[in-house]
Structures are given as C-alpha cells and as structure tokens.
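Overview (structure and organization)
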Amino acid sequence: MRDALQNRHNQRILAQLPSLGLPDAWLVAGCLFQTVWNLRSGNPPEAHIKDYDLFYFDPADLSEAAEARVNERVLACFAGQGITVEAKNQARVHTWYQDYFGFPYPALSSSRDGIDRFLVTSTCVGLKAGGSGLELYAPNGLDDLYQGRLGPNPLCPHLPLFEKKARAYQERWPWLRINT
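Residues numbered from 1 in each chain as written. Predicted model: local features only at pLDDT ≥ 70, side-chain atom pairs only at ≥ 80, totals over all residues. Heavy atoms only, no water.

**Thoughts on the packing of aromatic side chains**
- On inspection of all chains with the given rule, the structure shows twelve aromatic pairs.
- Each ring, one from Trp37 and one from Tyr169, has its centre 5.4 Å from the other, and the planes form 70 degrees; the classification is edge-to-face. Of this pair, Trp37 sits in helix 2 (residues 30-41) while Tyr169 sits in helix 7 (residues 159-172), placing them 132 residues apart in sequence. For the pair formed by Trp37 and Tyr169, the shared burial category is buried.
- An aromatic cluster of at least three residues, connected via ring pairs, comprises Trp96, Tyr97, Tyr100, Phe101 and Tyr105.
- Lying across the ring of Trp175, Arg40 places its NZ or CZ 4.0 Å from the centre. (Phe/Tyr/Trp six-rings, centres within 6.5 Å; stacked < 30°, edge-to-face > 60°. Helix = DSSP H or I, 4+ residues; strand = E, 2+ residues; numbered from the N terminus. Buried < 20%, exposed > 50% of the residue type's maximum accessible area, 1.4 Å probe, protein only. Lys NZ or Arg CZ within 6 Å of the ring centre and 35° of its normal.)

Written out as structure tokens, the structure is:
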C-alpha cells in the first residue's frame, strides 16, 4: 500500500495516530483505496476524498458521548490541515448500525472485524502505525483494489447498500467494474 502514502494527508495522520492513544487504531477505507484509484486515474492522490476515517476499538465505553469526546481530540489534532478526520469506535457499531442502515450488524471484537465488513470487498483495507513501522491489513488481498473490481462482501450482505456505494465509486472512477 505504498501508493496510499503518496497522499500527504495519509502520511500525516499515520505519523500522528500513535500520539492519540486510541486502542487498536487504524487508518481505513476511502482515504486509502481512493488514493490508489486516483493515482491509477492520473488524478492527484488527494482528489475526491471527502474524509479520512480512523477505526479504534474501545469496549469500555460504548456511548455516543465517549465517541464524540474522541472525535473532539481527533479534530483538535488535525485542525488547520484542511481535512476532515473522523474516528469510529468499532466496539459500538452494532448499537447504531441497524437503526441507521436498516440491516443488522454483529458485535465486533476488534477494529479488524470492522475492516472485514466494508460493503465492497476490494475496499477492506487498513493501515496501522506502530513502533516497528506500518502494518497493512487487507483480508481480501489487493488485486481487486488495483484492478478496480467492486464485489459485494459476503460478511456484510446488504446488496442495496453495496450497489449504491459501488455506483457512487464508479461515477468518480468510471473504469471501476461492478461485479454482483
């Protein structure tokens, strides 16, 4: 995922992520795979990226208020950089997902579990900053990501949500192929 590091915002976030002290913290989703698609399309690495997502896993407090406090810290950390960075506690996703998206969602046991359940299999990627460097997590590999193949994730089989998301990606990167 060296390509994801061509996005200067990804570099900054990963450099600062350990200082936030979030348990099981990962930079995930669009800021990674969309950087790859931008580069493949000849766009600047940061083009079309609306926000930068952090996953963390803290089962000690599943409240919305606790997640909001973490987001305040995250916003303060990245203030003035011209980007939106959002943190989501993967330990609490099951408490709101069905109300928000209309589909059930299992309780997770780690941030990786959340990465595993992105709607589109090729977008299941995360980078974690640690003492020994960066750790890549891509449970489905990277071939489909680099080839622009969008397939529904059997771990999150919500086809209407998948189709909406895949079409939105294809509008921005027309070379992507949707496989249902």
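**With respect to the nonpolar core**
- Core analysis: the biggest nonpolar cluster contains 53 residues, and Trp37, Leu54 and Val74 have the highest contact counts within it.
- Counting only elements with at least two residues in this core, the list comes to helix 1 (8-20), strand 1 (26-28), helix 2, strand 2 (52-56), helix 3 (64-77), strand 3 (85-89), strand 4 (126-130) and helix 7.
- With five residues, the single largest contributor to this core is helix 2.
- Beyond its immediate stretch of four places on either side in the chain, Trp37 contacts Thr123, Leu145, Leu150, Tyr169, Trp173, Trp175 and Leu176. (Core = buried A, V, L, I, M, F, W, Y, C linked by side-chain atoms within 4.5 Å. Contact = heavy atoms within 4.5 Å.)

**Quick look at helix 7**
- The first and last C-alpha atoms of helix 7 sit 20 Å apart over 14 residues, in line with the 20 Å expected at 1.5 Å per residue.
- What helix 7 keeps buried is the set Leu161, Phe162, Ala166 and Tyr169. Angularly, the buried residues of helix 7 cover 125 degrees about the axis, an arc narrow enough to put them on a single face. Pointing more than 90 degrees away from the buried face of helix 7 are the exposed residues Pro160, Lys164 and Glu171. (Expected span 1.5 Å × (residues − 1). Arc of directions from axis to C-beta.)

**Quick look at the environment of Asp61**
- Looking at where Asp61 falls in the secondary structure, it is placed in the loop between strand 2 and helix 3.
- Residue classification places Asp61 among the partly exposed positions, given a relative accessible area of 28%.
- C-alpha of Asp61 to C-alpha of Tyr169: the two residues are 108 residues apart in sequence and 34 Å apart in space.
- Every residue in contact with Asp61, bar those within four places of it in the chain, is listed here: Ala66, Arg69 and Asn89.
- Engagement of the side chain of Asp61 in a polar contact is seen with the side chain of Ser63, the distance being 2.7 Å. (Polar contact = N/O pair within 3.5 Å; in protein donor to acceptor, adjacent residues only side chain to side chain.)

**Description of the sheet that holds strand 3**
- Pairing within the open sheet is mixed, and its five strands lie in the order 3-2-1-4-5. Because the sheet does not close on itself, it has two edges, and the strands there are strand 3 and strand 5 (133-137). Sheet twist, expressed as the average angle between the axes of neighbouring strands with direction ignored, equals 30 degrees.
- Here five bridges tie strand 2 to strand 3, and the two strands are oriented parallel to one another. In the sheet register, Tyr52 faces strand 3, and the bridge partner there is Val85.
- Sheet contacts for helix 2: strand 1, strand 2 and strand 4; angle to strand 1, the most-contacted strand, approximately 45 degrees.
- The strands that helix 3 touches are strand 2 and strand 3; relative to strand 3, the one it contacts most, it runs at about 150 degrees. (Pairing = 2+ DSSP bridges. Axes fitted to C-alpha atoms, helices over the stretch in contact; angles between N-to-C directions.)

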